[in-house]
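# Structural characterization, general
The lines below spell out each chain.
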Amino acid sequence: MQLKLGKQILDLVQPQVMGVLNRTPDSFSDGGAFMDFDAALRRARDMEREGAAIIDIGGESTRPGAEAVSAQEELDRVVPLIERLRREIDIPVSVDTSKPEVMRAAVAAGAGMINDVYALRQPGALETVAELGVSVVLMHMQGEPRSMQNNPHYRNVVAEVGQFLSERVRHCEAAGIPRERLLIDPGFGFGKTLEHNLELLRSLRELADPGLPLVVGLSRKSSIGKLLGGVPADGRLYGSIAAAVVAVINGASIVRTHDVKPTVEALKVAAAVRAGGCYNFRA
Ligand code: YH5
C-alpha cells in the first residue's frame, strides 16, 4: 500500500493526485503556460500546496497529432526543473517520457518514477528502468500519438487493454523490475473513441492486476469535452472531476490531473465513500 520512490514514500491507502506539469510550448490542455522555467516552478509549488502527492513533468507532447521532439530538447526542458524541484519541494517527481536517455538523466536529477505512455516498448527502455530501480507507470496506447485517433478499433476494449497491460507486467518482471515498482494505466484517449473510454471507466475493476495500483488520466481530455457538447479544454473541469470520482470508486489509486485542488477535494469525498480502502489491495 506504499510505493517507494527514491527516498520518498507515496501512500496509496488513500487515492492520490498526480499533478501534471507540461514543459511544452504547444500543450493542448494548458496552452503551453509552463514552458517558462519560473512559471513551471511556481506551478509545482502551488500543486504541492494544493495537495498533490506527486508531480508529473513532461517535455514531450503526447497529445493526438503531436510531432516527436529530440532527446536533447526533452532533456533541456525536464532535467533542470527536476533538479530544482528536488531541492524545493517535498513530494516526489515523476517524468513523463519514453526515451531511455531522458529516463536516466531525470532519475539522476532526482525523479523517483517514470511515466511511460509506451509502457517501456521503446528500444532500451525496459533494461534502463530495471537498472535504475525506480517505479514505472505502464500505460496502454493503441498506435502512435501522431495517428492514434484515426479510427481506433477493438473487438473488446476492456479485454484487449487488460491483456496488453498483463503482458507488459510480465515483460517487466522478466527484465528484473519487481512488481512492487509497477503501476498500470488504461490510457484514456490514447487510441480510443469516447465509447471505448466510457467502457474502460465503467469496467476499470476488470483491469486491476492484483496488487498493482491503477493510474488514470482523464483531466480535460476530448471525451469530457464531447460529453459536454464540445466545450474547449478550459471548460472541462467539472466533467473531469466527475470522471475522476467514478475512477476512484471503481478502484483507481492515482488520478493524473491539471486541476489539483478541486480534484484533491473531490477524491477526499470519494475515498470516504469507498469503504475498506483501495480495491486493488483487498484480498
Ligand atoms: C494518461 O492518461 N495522458 S498526456 C489531450 C487533452 C487533455 C489532456 C485534448 N500522459 C496520460 O493529458 N500519462 C498523458 O485535451 C499520461 N496517463 C498517463 N499515465 C495527454 C493529456 C491530454 C491530452
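For the structure itself, look to the data block above.
My aim in this report is to walk through the structure given alongside it, one point at a time.

Cut-offs and rules
Residues numbered from 1 in each chain as written. Predicted model: local features only at pLDDT ≥ 70, side-chain atom pairs only at ≥ 80, totals over all residues. Heavy atoms only, no water. Near = heavy atom within 4 Å. Polar contact = N/O pair within 3.5 Å; in protein donor to acceptor, adjacent residues only side chain to side chain. Areas by Shrake-Rupley, 256 points an atom, 1.4 Å probe, with all protein chains shown as cover. Nonpolar A, V, L, I, M, F, W, Y, C, P; charged D, E, K, R; others polar. Helix = DSSP H or I, 4+ residues; strand = E, 2+ residues; numbered from the N terminus. Buried < 20%, exposed > 50% of the residue type's maximum accessible area, 1.4 Å probe, protein only. Contact = heavy atoms within 4.5 Å. Pairing = 2+ DSSP bridges. Axes fitted to C-alpha atoms, helices over the stretch in contact; angles between N-to-C directions. Parallel < 35°, antiparallel > 145°, perpendicular 65-115°, else oblique. Left-handed = near helix turned anticlockwise from the far one by under 90°.

Our next topic: the site of the ligand. Residues in contact with the ligand amount to 17 residues; listed here are only the nearest, F28, N115, D185, K221 and R256. At a separation of 3.4 Å, an oxygen atom of the ligand approaches a polar backbone atom of G217. K221 places a side-chain nitrogen or oxygen 2.7 Å from an oxygen atom of the ligand. For the ligand, whose unbound accessible area comes to 520 Å², protein coverage reaches 94%. Of the residues contributing to the shell around the ligand, the split by class is four nonpolar, seven polar and six charged.

Next up on the list: unusual backbone geometry. In this structure, A119 takes a positive phi of about 50° despite not being glycine. One non-glycine residue, N151, lies in the positive phi region at around 60°. Within the secondary structure, N151 is located in the loop between β7 (135-139) and α5 (157-174). For N151, a relative accessible area of 70% gives the class exposed.

Before going further, it helps to spend a moment on the side chain of S240. Considering the arrangement of structural elements, one finds S240 in helix α9 (residues 237-249). Separated by 2.6 Å, the side chain of S240 and the backbone oxygen of R236 make a polar contact. Ignoring any residue separated from it by four or fewer positions in sequence, one finds S240 in contact with L218, S219, R220 and I224.

Before going further, it helps to spend a moment on the side chain of T97. Position of T97 among the secondary structure elements: in the loop between β5 (93-96) and α3 (100-109). Within the structure, the side chain of T97 is placed 2.5 Å from the side chain of E74, a separation counted as a polar contact. Engagement of the side chain of T97 in a polar contact is seen with the backbone nitrogen of K99, the distance being 3.3 Å.

A few words on the sheet that holds strand β8 (residues 182-185). In sheet architecture, strand pairing relies on hydrogen bonds along the backbone and comes in two forms, parallel and antiparallel. The strand order across the open sheet formed by eight strands is β8-β7-β6-β5-β4-β3-β10-β9, and the pairing between neighbours is parallel. What marks the edges here is a single partner per strand, and that holds for β8 and β9 (215-217). Taken over all neighbouring pairs, the strand axes of this sheet differ in orientation by 25° on average, direction set aside. Relative to β5, strand β4 (residues 54-58) runs parallel, the two being bridged by four bridges. Its bridge partner being in β5, D56 is matched across the sheet by S94. Of the strands in this sheet, β3 (16-22) and β10 (254-257) touch helix α10 (residues 260-273), which is tilted by about 165° from β3.

Our focus in this paragraph is the packing of helix α2 (residues 71-88) against α3. Running from N to C, α2 and α3 cross one another at 15°; their axes reach a closest spacing of 8 Å. With respect to each other, α2 and α3 are oriented roughly parallel. Judged by the sense of rotation from one axis to the other, the crossing of α2 with α3 is right-handed. Of the residues in α3, those in contact with A71, E74, L75, V78, V79, I82, E83 and R86 of α2 are E101, V102, A105, A106, A108 and A109. Residue composition of the contact of α2 with α3, by class: ten nonpolar, no polar and four charged.

P100, V102, M103, A106, V107 and A109 are the residues of α3 that are buried. Elements that come into contact with the buried residues of α3 comprise α2, β5, β6 (113-116) and α4 (125-132). Two residues or fewer past α3, G110 is found with a positive phi of approximately 125°.

Don't take any of this as a statement about function, it's just geometry.
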